[in-house]
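# Summary of the model geometry
The lines below spell out each chain.
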Amino acid sequence: MAEGTRTTSFPSDLTIRTTEMHTGGEPLRIIESGYPEPRGTTILEKRNWLKTCADEYRKLLMFEPRGHYDMYGALMVSPDLPGADLGVIFMHNEGYSTMCGHAVIALGRYAVDRRLVQAVSPETRVVIQCPCGPVTAHVQYSQGRSGGVRFHSVPSYVFALDISVKVPGVGEVVVDISYGGAFYAFVPAQRLGLDLNTSSTSSVADVAQRVTEAVKSTVKLHHPDSPDLAFLYGTIVTDGGDHSLGDNGDAPTTNICVFADKQVDRSPTGSGVSARVALQYNRRVISLGQIRHFRSGVTGSQFTGSALREVKLKGAGFRGGDVVGVVAEVSGRAHYTGMNTFTVEADDALASGFLAK
Ligand SMILES: O=C(O)[C@H]1NCC[C@@H]1O
């Protein structure tokens, strides 16, 4: 392609403004203006509209040169659920996810600081409609400052335990599948010949992506609310903490989440922690109210997670059976890193973005 050929249909006066945050090291690009307004009545319709009609905007903000392989974004939309303070559609290197805990932690603070809700001490409640459903964030607020956030997601539940899949280069591997607003496969690192203390992040990402593909081709997922929620988002490689508390019950359990197109979460993964809480409760590793610490194997950042109460879920199980899930509480901290104003020049041949990894 000749340098200088116009390749996209972005308006010449396009200006997109964002606020940048991170939660436990995982970036969040909050899109504030300049992005197309998604059409549709429900949040899932809006997500589908963005997928089919405005995906070049996702690539513009997530891909290089404005983003990078592991960039994550949030577009605020008007909610369609009564009682929700805001709606949000998440985006990443491959498309649009259904739930994102690290983003909820950041957006909770953001909503309080930008007065999208009325700030109340000592904690402000913010109801965020995510594609998976309503998620309630409780944001610490005192002396004019927002702080840590705990959130309650949609019910988390185990979809299937001990499923055997054939992973190229590894062989037969037994995984669990659990839902925390998004479906993940969970597997202890040891079963993959990895060690979260010594293996490189790129080798974990490589093998985890192969696990994701193997599970996708072996297991058909379904979700009682919508087929749009029924897909495997990624694989979370653990230190084995879903099976036992380990020698020191209070020590954090470490994981690395590899989602979308081999994207690596820098945080412990809020939706993954919700799903791990359901898994550990199901395996009787934790009891109701027991707080566990979850550590990112990439940055060492930590979230806490606990199961608050049981919930019965009709038709959510592997063979369409009813399951008992839990409402999980996850907590963590987010920080601001800056603000951006993005523009596109008419003769920029790379305006539609690229990924170098
Ligand atoms: O914290 C989370 O739930 C998210 N972080 C990136 C991948 C997940 O969507």
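Residues numbered from 1 in each chain as written. Predicted model: local features only at pLDDT ≥ 70, side-chain atom pairs only at ≥ 80, totals over all residues. Heavy atoms only, no water.

Moving on, we get to the side chain of arginine 47. Structurally, arginine 47 is set in helix H1 (residues 43-53). For arginine 47, which is buried and forms no salt bridge, the nearest opposite charge comes from aspartate 228, at a distance of 4.8 Å. The residues contacting arginine 47, other than those within four sequence positions of it, are Ile89, Tyr96, Ser97, Thr98, Pro131, Asp228 and Phe231. (Helix = DSSP H or I, 4+ residues; strand = E, 2+ residues; numbered from the N terminus. Buried < 20%, exposed > 50% of the residue type's maximum accessible area, 1.4 Å probe, protein only. Lys, Arg positive; Asp, Glu negative; His and termini not counted. Salt bridge = Lys/Arg side-chain N within 4 Å of Asp/Glu carboxyl O. Contact = heavy atoms within 4.5 Å.)

Each pocket or cavity is described by its volume, and for the largest pocket that value is around 180 Å³. Taken together, Pro188, Ala189, Gln190, Leu194, Asp195, Leu196, Asn197, Thr238, Asp239, Gly240 and Thr254 form the lining of the largest pocket. Tallied by class, residues from the lining of the largest pocket come to four nonpolar, five polar and two charged. Estimates place the volume of the second largest pocket at around 150 Å³. Lining the second largest pocket are Ile31, Glu32, Ser33, Gly34, Tyr35, Pro36, Glu37, Pro38, Leu75, Met76, Val77 and Ser78. The set of elements that each furnish at least two residues to the lining of the second largest pocket consists of strand E2 (26-33) and strand E3 (73-77). Among the residues forming the lining of the second largest pocket, the class breakdown is seven nonpolar, three polar and two charged. (1 Å grid on protein atoms, 1.4 Å probe; cavity = no way out; pocket = protein on both sides within 12 Å on 5 of 7 lines; lining within 4 Å. Points joined across faces, edges and corners; volume = space filled by probe spheres on them. Nonpolar A, V, L, I, M, F, W, Y, C, P; charged D, E, K, R; others polar.)

A few words now on the confidence of the model for the protein chain. The predicted model of the protein chain has a mean per-residue pLDDT of 95, with 98% of residues at 70 or higher. Confidence drops under pLDDT 50 across residues 1-7; counting only partners more than four residues distant or on other chains, this segment forms 13 contacts. The complex model carries a pTM of 0.96, and its ipTM stands at 0.99. (pLDDT = per-residue confidence, 0-100.)

Turning our attention to helix H2 (residues 55-62). With respect to burial, H2 is a largely interior element, six of its eight residues being buried. Residues of H2 that are buried: Asp55, Tyr57, Arg58, Leu60, Leu61 and Met62. Where H2 is buried, its residues meet strand E1 (15-23), E2, H1, E3, strand E4 (86-91) and strand E17 (334-343).

Secondary-structure assignment places glycine 234 in strand E11 (residues 232-238). Sequence separation of glycine 234 and cysteine 257 is 23 residues, and the distance between their C-alpha atoms is 7.1 Å. Not counting the four nearest positions on each side in its chain, glycine 234 is found in contact with Phe183, Tyr184, Ala185, Thr212, Val258 and Phe259.

Moving on, we get to the nonpolar core. Of all hydrophobic cores here, the largest spans 112 residues; its most connected members are Ile16, Tyr35, Val126, Ile128, Cys130, Val175 and Val215. For this core, the leading source of residues is helix H3 (residues 101-113), giving eight residues. For valine 175, the residues in contact, after removing those within four places along its chain, are Leu161, Asp162, Ile163, Val165, Ala185, Phe186, Val187, Arg191, Val211 and Val215. (Core = buried A, V, L, I, M, F, W, Y, C linked by side-chain atoms within 4.5 Å.)

Here serine 296 shows up in strand E14 (residues 292-296). As for serine 296 and glycine 25, which are separated by 271 residues in sequence, their C-alpha atoms are 9.3 Å apart.

Taken together, 13 residues surround the ligand, and among them Gly101, His102, Asp265, Gly270 and Ser271 come closest. The separation between an oxygen atom of the ligand and a polar main-chain atom of histidine 102 is 2.8 Å. Within the side chain of tyrosine 233, one N or O atom sits 2.9 Å away from an oxygen atom of the ligand. Protein coverage of the free-state accessible area of the ligand, which is 260 Å², stands at 100%. Cavity membership is defined here by more than half of the atoms lying within 2 Å of grid points; on that basis the ligand lies in the largest cavity. At the level of elements, H3 and helix H5 (270-282) are the ones that each hand at least two residues to the shell around the ligand. Of the residues contributing to the shell around the ligand, the split by class is six nonpolar, five polar and two charged. (Near = heavy atom within 4 Å. Polar contact = N/O pair within 3.5 Å; in protein donor to acceptor, adjacent residues only side chain to side chain. Areas by Shrake-Rupley, 256 points an atom, 1.4 Å probe, with all protein chains shown as cover. Sits in = over half its atoms within 2 Å of the grid points.)

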